[in-house]
Amino acid sequence: MGDGSSTRSNSSNSSSEKPEWLQQYNLVGKIGEGTYGLVFLAKTKTPPKRPIAIKKFKQSKDGDGVSPTAIREIMLLREISHENVVKLVNVHINFADMSLYLAFDYAEYDLYEIIRHHRDKVGHSINTYTVKSLLWQLLNGLNYLHSNWIIHRDLKPSNILVMGDGEEHGIVKIADFGLARIYQAPLKPLSDNGVVVTIWYRAPELLLGSKHYTSAVDMWAVGCIFAELLTLKPLFQGAEAKSSQNPFQLDQLDKIFKILGHPTMDKWPTLVNLPHWQGDVQHIQAHKYDSVGLHNVVHLNQKSHAYDLLSKMLEYDPLKRITASQALEHEYFRMDPLPGRNAFVATQPMEKNVSYPTRPVDTNTDFEGTTSINPPQAVASGNVAGNMAGAHGMGNRSMPRPMVAHNMQRMQPQGMMAYNFPAQAGLNPSVPLQQQRGMAQPHQQQQLRRKDPGMGMSGYAPPNKSRRL
Ligand SMILES: Nc1ncnc2c1ncn2[C@@H]1O[C@H](COP(=O)(O)OP(=O)(O)OP(=O)(O)O)[C@@H](O)[C@H]1O
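What counts, and where the lines are drawn
Residues numbered from 1 in each chain as written. Predicted model: local features only at pLDDT ≥ 70, side-chain atom pairs only at ≥ 80, totals over all residues. Heavy atoms only, no water. Helix = DSSP H or I, 4+ residues; strand = E, 2+ residues; numbered from the N terminus. Buried < 20%, exposed > 50% of the residue type's maximum accessible area, 1.4 Å probe, protein only. Contact = heavy atoms within 4.5 Å. Areas by Shrake-Rupley, 256 points an atom, 1.4 Å probe, with all protein chains shown as cover. Phe/Tyr/Trp six-rings, centres within 6.5 Å; stacked < 30°, edge-to-face > 60°. Polar contact = N/O pair within 3.5 Å; in protein donor to acceptor, adjacent residues only side chain to side chain. Axes fitted to C-alpha atoms, helices over the stretch in contact; angles between N-to-C directions. Parallel < 35°, antiparallel > 145°, perpendicular 65-115°, else oblique. Left-handed = near helix turned anticlockwise from the far one by under 90°. Nonpolar A, V, L, I, M, F, W, Y, C, P; charged D, E, K, R; others polar. Core = buried A, V, L, I, M, F, W, Y, C linked by side-chain atoms within 4.5 Å. Near = heavy atom within 4 Å.

1. Some thoughts on the overall build of the protein
A tally of regular secondary structure across the protein gives 15 helices and eleven strands. Scored against the burial criterion, the 469 residues of the protein give a buried share of 57%. Sequence-distant contacts in the protein: of pairs separated by 6 or more residues, those separated by 24 or more amount to 75%. Of the roughly 19000 Å² of accessible surface on the protein, a fraction of 53% belongs to carbon and sulfur atoms.

2. A look at the packing of aromatic side chains
Going through the model one piece at a time under the given rule, you end up with nine aromatic pairs. Considering the side-chain rings of Trp-220 and Phe-236, the 5.8 Å spacing of their centres and the 20° angle between planes classify their relative orientation as stacked. Taken as a pair, Trp-220 in helix α6 (residues 216–231) and Phe-236 in the loop between α6 and α7 (250–260) lie far apart in primary sequence, 16 residues in all. The class of Phe-236 is buried, set by a relative accessible area of 0%. Centroid distance Trp-220 to Tyr-316: 6.4 Å. Interplanar angle 20°. Geometry classified as stacked. You can see Trp-220 sitting in helix α6 and its partner Tyr-316 sitting in the loop between α11 (305–313) and α12 (324–328), a full 96 residues away along the chain.

3. Regarding the side chain of Asp-176
Looking at the element boundaries, Asp-176 is found in the loop between β9 (172–174) and α4 (179–182). One polar contact links Asp-176 to Lys-55, side chain to side chain, over a distance of 2.6 Å. Once residues lying within four places of it in the same chain are set aside, the contact partners of Asp-176 are Lys-55, His-152 and Asn-159.

4. So, the packing of α6 against α11
As a packed pair, α6 and α11 sit with axes 8 Å apart at the nearest point and diverge in direction by 140°. Considered as vectors, α6 and α11 are oriented oblique to each other. Note on packing geometry: the crossing formed by α6 with α11 is left-handed. Of the residues in α11, those touching α6 at Met-219, Trp-220, Val-222, Gly-223, Phe-226 and Ala-227 are Ala-306, Leu-309, Leu-310 and Met-313. In terms of residue class, the contact of α6 with α11 is built from nine nonpolar, one polar and no charged.

5. Regarding the nonpolar core
Counting residues in hydrophobic clusters, the biggest one holds 93 residues, and the most contacted among them are Leu-139 and Met-313. Here this core takes ten residues from α6, the largest share from any one element. Contacts of Leu-139, omitting those with residues within four sequence positions, involve Met-219, Val-222, Met-313, Ala-324, Ala-327, Leu-328 and Phe-333. Of all hydrophobic cores here, the second largest spans 13 residues; its members include Ala-42, Ile-52, Ala-103 and Phe-367.

6. As for the site of the ligand
Taken together, 22 residues form the shell around the ligand, and within it Thr-35, Lys-55, Lys-156, Asn-159 and Asp-176 come nearest. At a separation of 3.0 Å, a nitrogen atom of the ligand approaches a polar backbone atom of Ala-107. In this structure, Asp-176 approaches the ligand through a side-chain N or O atom, which is 2.9 Å from an oxygen atom. The protein chains hide 98% of the 600 Å² of surface that the ligand would expose on its own. Partitioned by chemical class, the residues of the shell around the ligand number eight nonpolar, five polar and nine charged.

Now the structure itself:
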């Protein structure tokens, strides 16, 4: 670990053998399952034994595996370096079965769990300082990605990680950036693992059939996440249509229009060019929606800075939607409480600090996802069962996420104290965040653009085959 180099397995390796590259880790267990594979917690064997999240991508059913283009792009992702973007520390491609392992710095929390904890356990909203700090850092990381011509395309609460105890406590890390393009997500899950791809954070232009991704799709998702941080409920909770290859997500659009009102040519002149706007006259064009009003749903005063920022993120016309860089300059972030580097530690005496539960670890699953690596162990605390019950109730993160409660264990907090993260160009806690921006290094942007023009936004449309919108 540490050299960040990718490794190639011997072609003689069978898919069931543990690749040599993985032998530098002690596997702790499975921490999650997404659309494209499993996520494991491991620790480096050599001191300082730091935690690593290893994401194993499943082989697709049609066997198209990892293409050379995907591999090239993953290599580029290794060059991404920003405090608010999770660090990809290693890549392993097992050429025997074209399975892919990506090793990332481990983050103890994510927004999905933080929101769920407040909703189900804490019983009160997330304090303003924490919401503002989480949002500011999310925008800061996104601004960096966008200035490096990377569009995330699958932003949602479970992809927004927050660091646990240690030097980076309370720092937001955007995860899964760039992977959406490689795997055509959120359009084409690679296997039937029972996990549903969420459409709740999907921008209206995509729902209406736009083939072009711009960074504005990420800003729509940030707006949805901001609203969810405020209310603890997903803002537009549509039911996904799955019947055909390219389903028209009418229910999701319906949920959006009911809150924001019917989009008009006035507000969004290029609307008429979108395929589903043209194609579905009956439901989309002709139906007239009376807007409930966003302010009523998120319980914000229409004159507040928070409302102003949120409504600019949820602007229908992608060309008018606020950018990450503009959002960082918004008045909302200049008003007390100012955002901070540690989103969990409130500076105001009135704001309560909340302890969030650490990630449950399924110690009964190995890298293959099936074999027992440890004898099943008793649940350490009642919290775990409670936590898992909540997980089942909610389904997979954004939707169903099955895990077996009796095999789940929690990392001990003292274990987490031992983490020794490498120094990064970080924020100075004593300097207001607004003065610490500009971490997107121009020379690095140039490098990325030079190396792969495909990273440019214009070339950032997903491949055309087998897309599901
Ligand atoms: N670097 C990391 N550190 C800690 N946990 C992580 C890390 N990366 C991902 N996770 C967690 O692993 C779980 C599964 O992640 P994954 O990205 O595979 O799925 P997802 O985002 O929930 O869904 P989808 O696959 O549809 O995007 C999530 O709980 C996520 O927060």
